[in-house]
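Structural overview
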Amino acid sequence: MTTTAHTPALTGEEIVALTRKHTIFEWSAQAKVDPIPVARAKGVYFWTPEGKRYLDFNSQLMCVNVGHGDPRVVKAIQEQAATLAYANPFMATEPRARLGAKLAELCPGDIDVFFFTNGGSEANENAIKIARAYTGRHKVLARYRSYHGATAGAMTLTGDPRRWPSEPGMPGVVHVLDPYHGIERGWDTAEQSLAMLEEVIQLEGPQTIAAFFLESVTGTNGILIPPPGYMQGVRALCDKYGILMVADEVMAGFGRTGEWFAINHWGVVPDLICMAKGLTSAYVPLGAVGMRRKIAGHFQERPFPGGLTYNSHPLACAAALATIAAYEEDDMIGNAKRMGAVMKDLLGGLEAKHPSVGAVRSIGLFGIVELVRDRGTRQPLAPFGGTSDEMVALGRFFRQEGLYTLVRWNAFYTNPPLCITEAELREGFAVIDRALAQTDRAVS
Ligand SMILES: Cc1ncc(COP(=O)(O)O)c(C=O)c1O
């Protein structure tokens, strides 16, 4: 079968039929999936084979941060493929060498040693192993409103309902409550939340706890930006009890929040940092776990307890280097901050205008709109873990109008590529404004 970018051999309908017949779509009952056929993409847009254009307001899966079809990343992948597509992980290659050194430059504090993986789940999986090996303890704390991945250990860390079908999971994982309790109950202060965390640490036995995993800004569970003092308080508690603080930056890292890493907003240095997605902007799969010097030192004389055939894959390392260079060349992290300020105003405008908007939150180009039936009771427009006719209709409207974004439970997300212009951002918000006229009708 031969295809070119502009004349695909299969129609959109044929692509959908074959993918549905022979492949599995994740997290879904297969009879219910209704995928968009995608043929090509450029900048903040992608197209179906028939030429319908979508504005990508979710950077696919909050990962194509650099934007679609960046020629600098494409060229780096092409050149690396032609030179050395693969070398096994016991070899040392130039892209691996350069990427380790570059990440050491970018990461907070003294995090300057990296283990490369295929994605975010495996980064977290290896972070669990590292924390257990370093501390000699076995328990791991994580939060309920979280997603850490779908491999066995990362799935157990995950707090949201995606964990339920995989239970029982890995022994030793304990979940703690977040500062946020949903649209109806709202937020705890940092002090309240930290007191609850310390109580759990004491009840579990601090000497048994290896690590606390947390998303620096929680992604699919609601763009939850920690209240002032929370991150610093977590750092202090981890120090007090000898627990490793593990920042999961798989979604929030690489400029999404207007900083290289979201944790930088609070001036905190975690012990381990997990990354993927924006590391290569998903052009090639790659994840990494970064560790502070003292932790890397633990493995100088003891074997590192992990390995992967595709660890430090040259193609992926080359893609990461080119992606990072593109962020720097175009100041995309700065653009995320500048466009983030515009997006915050646009989100505020929606909240002021539309009664169905119960809350908006954003940091950089990481945004969410939570919808309610009633602004007094703040009853969500769909229940926790579920959906409703109104939310389904909202998703349908976005699709008809050529706006692609994640619609989940009672919320939808605004996470465009970091190269977005103000005009493109406003184009997306104009569609959202029209869509919310529909959800407003559900408000009592
Ligand atoms: C915060 C966070 N951690 C981990 C993961 C898992 O990463 P992957 O799907 O690359 O394994 C994700 C994926 O969405 C994520 O958002």
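Below you will find a few notes about this structure. Keep in mind the model is a prediction, meaning the values are calculated, not measured.

The seven strands are arranged 4-10-9-8-7-5-6 in an open sheet whose pairing can be described as mixed. The outermost strands of the open sheet, each flanked by one partner alone, are strand 4 (111-117) and strand 6 (173-176). Across the sheet, the axes of successive neighbouring strands diverge by a mean angle of 20°, strand direction being ignored. Where strand 7 (residues 209-215) meets strand 8 (residues 244-248), five bridges bridge the pair, whose relative direction is parallel.

Taken in spatial order, the four strands make up an open sheet running 11-12-15-14, and their pairing is antiparallel. At either margin of the open sheet sits one strand with a lone partner, and together these are strand 11 (357-363) and strand 14 (407-408). As paired elements, strand 12 (residues 366-371) and strand 15 (residues 411-414) share four bridges and run antiparallel to each other. By the bridge assignment for strand 15, Val369 is matched with Phe412. On top of the sheet, helix 11 (residues 332-353) reaches strand 11, strand 12 and strand 15; it is set at about 175° to strand 11, its chief contact.

This part covers helix 11. Because each turn of an α-helix spans 3.6 residues, side chains separated by three or four positions in sequence point in the same direction. For helix 11, spanning 22 residues, the distance from its first C-alpha to its last is 30 Å, which sits close to the expected 32 Å at 1.5 Å a residue. Residues Met332, Ile333, Gly334, Asn335, Ala336, Met339, Gly340, Val342, Met343, Leu346, Leu347 and Leu350 constitute the buried set of helix 11. Looking at the buried side of helix 11, the elements it contacts are helix 3 (71-83), helix 10 (314-329), strand 11, strand 12, strand 15 and helix 13 (422-440).

At the junction of Glu167 and Pro168, the peptide bond is cis and its omega measures out at 0° in the coordinates. Looking at where Pro168 falls in the secondary structure, it is placed in the loop between helix 6 (152-157) and strand 6. A positive phi angle, close to 50°, is found at Met62, a residue other than glycine. Position of Met62 among the secondary structure elements: in helix 2 (residues 59-62). Phi at Ala282 takes a positive value of approximately 70°, unusual for a residue other than glycine. In this fold, Ala282 is placed in the loop between strand 9 (272-275) and strand 10 (287-292). By relative accessible area, which is 39% here, Ala282 ends up partly exposed.

Let's shift gears to the site of the ligand. If you check the shell around the ligand, you find Gly119, Gly120, Ser121, Asn124, Tyr147, His148, Gly149, Glu215, Asp248, Val250, Met251 and Lys277 and nothing else. In this structure, Gly120 approaches the ligand through a main-chain N or O atom, which is 2.8 Å from an oxygen atom. Contact between the ligand and Ser121: an oxygen atom at 2.5 Å from a side-chain N or O atom of the residue. Relative to its unbound accessible surface of 390 Å², the ligand loses 81% to contact with the protein. Among the elements that make up the shell around the ligand, the one with the highest residue count is helix 5 (residues 120-135) (three residues). Split by residue class, the shell around the ligand holds three nonpolar, six polar and three charged.

What follows is about the packing of aromatic side chains. Under the criterion given, the structure shown has 15 aromatic pairs. Summarising the aromatic geometry, the rings of Trp27 and Tyr147 are spaced 6.2 Å apart at their centres and angled 85° between planes, so their arrangement reads as edge-to-face. Of this pair, Trp27 sits in the loop between helix 1 (12-22) and strand 1 (40-42) while Tyr147 sits in the loop between strand 5 (139-143) and helix 6, and the two are 120 residues apart along the sequence. Residue classification places Trp27 among the partly exposed residues on the basis of a relative accessible area of 44%. A residue is classified by how much of its surface remains accessible, and Tyr147, at 21% relative accessible area, is partly exposed. Taken together, Phe254, Trp260, Phe261 and Tyr327 form an aromatic cluster joined through their ring pairs. Over the face of the ring belonging to Trp27 we find Arg162, whose NZ or CZ atom lies 5.7 Å from the ring centre.

Scoring rules and cut-offs
- Residues numbered from 1 in each chain as written.
- Predicted model: local features only at pLDDT ≥ 70, side-chain atom pairs only at ≥ 80, totals over all residues.
- Heavy atoms only, no water.
- Pairing = 2+ DSSP bridges.
- Helix = DSSP H or I, 4+ residues; strand = E, 2+ residues; numbered from the N terminus.
- Axes fitted to C-alpha atoms, helices over the stretch in contact; angles between N-to-C directions.
- Contact = heavy atoms within 4.5 Å.
- Expected span 1.5 Å × (residues − 1).
- Buried < 20%, exposed > 50% of the residue type's maximum accessible area, 1.4 Å probe, protein only.
- Near = heavy atom within 4 Å.
- Polar contact = N/O pair within 3.5 Å; in protein donor to acceptor, adjacent residues only side chain to side chain.
- Areas by Shrake-Rupley, 256 points an atom, 1.4 Å probe, with all protein chains shown as cover.
- Nonpolar A, V, L, I, M, F, W, Y, C, P; charged D, E, K, R; others polar.
- Phe/Tyr/Trp six-rings, centres within 6.5 Å; stacked < 30°, edge-to-face > 60°.
- Lys NZ or Arg CZ within 6 Å of the ring centre and 35° of its normal.

Don't take any of this as a statement about function, it's just geometry.
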